[in-house]
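Single-letter residue listing:
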Amino acid sequence: MNYIFRESNENEVMALTKMSEAAFKSDREFGGTDGGPTGFDDYDFHMNHFHEGRLFSLLNDDKLVAGAILKMQDNDLYIYRIFVDSTEFHKGHGLALMKAIEERFQDVNKYCLDTPEWNIRTNNFYKKCGYIATGKEHTPDFELIIYEKRV
């Protein structure tokens with residue numbers, strides 16, 4: 001596989017928004033409800049992250065297969081959101097995305113992210129990527145598991 005990880009282009013924002021929507025809607029199969037995290041299906045939300053330099057794309061053989069919203073804070077990288085094209089699940093793109101993020105942002109103290117406690121799929125995925133659960137955050141609807149990976 002020939003992966004390229006880079007900041008997203010403006011003409012990819014709509015495709016990334018649709019990709020995010022389909023990916024998060026698939027969480028219903030793993031205990032989720034209709035919907036997803038704030039802005040998951042909102043073009044303007046993704047466009048704002050694009051303008052802030054936080055929206056990233058993963059291409060495989062020139063095909064857009066995944067996206068991420070990332071933010072540096074102090075010397076930590078917050079992985080606010082990752083999503084894989086729902087027609088491309090189970091092909092290794094999620095692992096490739098996490099590896100690409102870590103390779104691009106090597107000079108951080110740690111990588112931080114969270115995921116709903118009920119989502120077995122994402123919790124197992126982040127553990128597989130070497131992330132360690134460090135706590136929980138309570139939201140009105142569910143609990144989030146906080147994960148970190150120190151560099």
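Higher on the page you've got the structure.
Let me begin by describing the structure that accompanies this report. Starting from 1, residues in each chain are numbered consecutively following that chain's sequence as written. Only residues with pLDDT of at least 70 get local features here, since the model is predicted, and only at 80 or more are side-chain atom pairs given and counted; chain-wide, interface and lining totals rely on the full set of residues. The side-chain numbers reported here are obtained from all heavy atoms of the structure, hydrogens and water having been left aside.

1. Thoughts on helix 4 (residues 120-128)
Using a 1.4 Å probe on the protein chains alone, a residue whose accessible area is under 20% of its type maximum counts as buried, one over 50% counts as exposed, and one in between counts as partly exposed. Secondary structure elements follow DSSP: runs of H or I of four or more residues count as helices, runs of E of two or more count as strands, with numbering from the N terminus. Along helix 4, the residues that are buried comprise T122, N123, F125 and Y126. Along helix 4, the residues classed as buried sweep out an arc of 160° about the axis, all on the same side. Exposed and oriented more than 90 degrees from the buried face of helix 4 are I120 and K128. Elements that come into contact with the buried residues of helix 4 comprise strand 4 (76-84), helix 3 (93-104), strand 5 (110-116) and strand 7 (143-150). The residue sitting at the N-terminus of helix 4 and contributing the capping side-chain oxygen is N119; that oxygen lies 3.2 Å from the backbone nitrogen of R121. Trailing helix 4 by a residue or two, G130 shows a phi angle of about 95°, which is positive. What the arc covers is the set of directions going from the helix axis to the C-beta atoms. For this analysis, residues touch if any pair of their heavy atoms sits within 4.5 Å. Nitrogen and oxygen atoms within 3.5 Å of one another constitute a polar contact, given that in protein one can donate a hydrogen and the other can accept it, and given that sequence-neighbouring residues count only through two side-chain atoms.

2. As for the sheet that holds strand 6 (residues 132-138)
Taken together, the seven strands give an open sheet; going across it, the order is 1-2-3-4-5-7-6, and neighbouring strands pair in mixed fashion. What marks the edges here is a single partner per strand, and that holds for strand 1 (3-7) and strand 6. Each strand axis lies, on average, 30° off the axis of its neighbour in the sheet, ignoring direction. The sheet contact formed by strand 1 and strand 2 (residues 55-60) spans five bridges and is antiparallel. Its bridge partner being in strand 2, Y3 is matched across the sheet by N60. A pair of strands counts as paired when DSSP detects no fewer than two bridges linking them. The angle between two axes is taken between their N-to-C directions and runs from 0 to 180 degrees, where each axis is a line fitted to C-alpha atoms and a helix contributes only its stretch in contact.

3. Focus on the side chain of E148
Along the chain, E148 falls in strand 7. We classify E148 as buried; its relative accessible area is 17%. Engagement of the side chain of E148 in a polar contact is seen with the side chain of K110, the distance being 3.2 Å.

4. A few points about unusual backbone geometry
The phi torsion of most residues other than glycine is negative, and most of the peptide bonds are trans. Notably, D61 is not glycine yet its phi reads approximately 50°, a positive angle. Mapping D61 onto the fold places it in the loop between strand 2 and strand 3 (63-73). Although it is not a glycine, D62 sits at a positive phi angle of roughly 70°. By the secondary structure assignment, D62 is in the loop between strand 2 and strand 3. What makes D62 exposed here is its relative accessible area of 68%.

5. With respect to the pairing of strand 6
Alignment of strand 6 against strand 7, held across six bridges, turns out to be antiparallel. Bridge pairing in strand 7 places H138 opposite E143. Two successive antiparallel strands, strand 6 and strand 7, enclose a turn made up of four residues.

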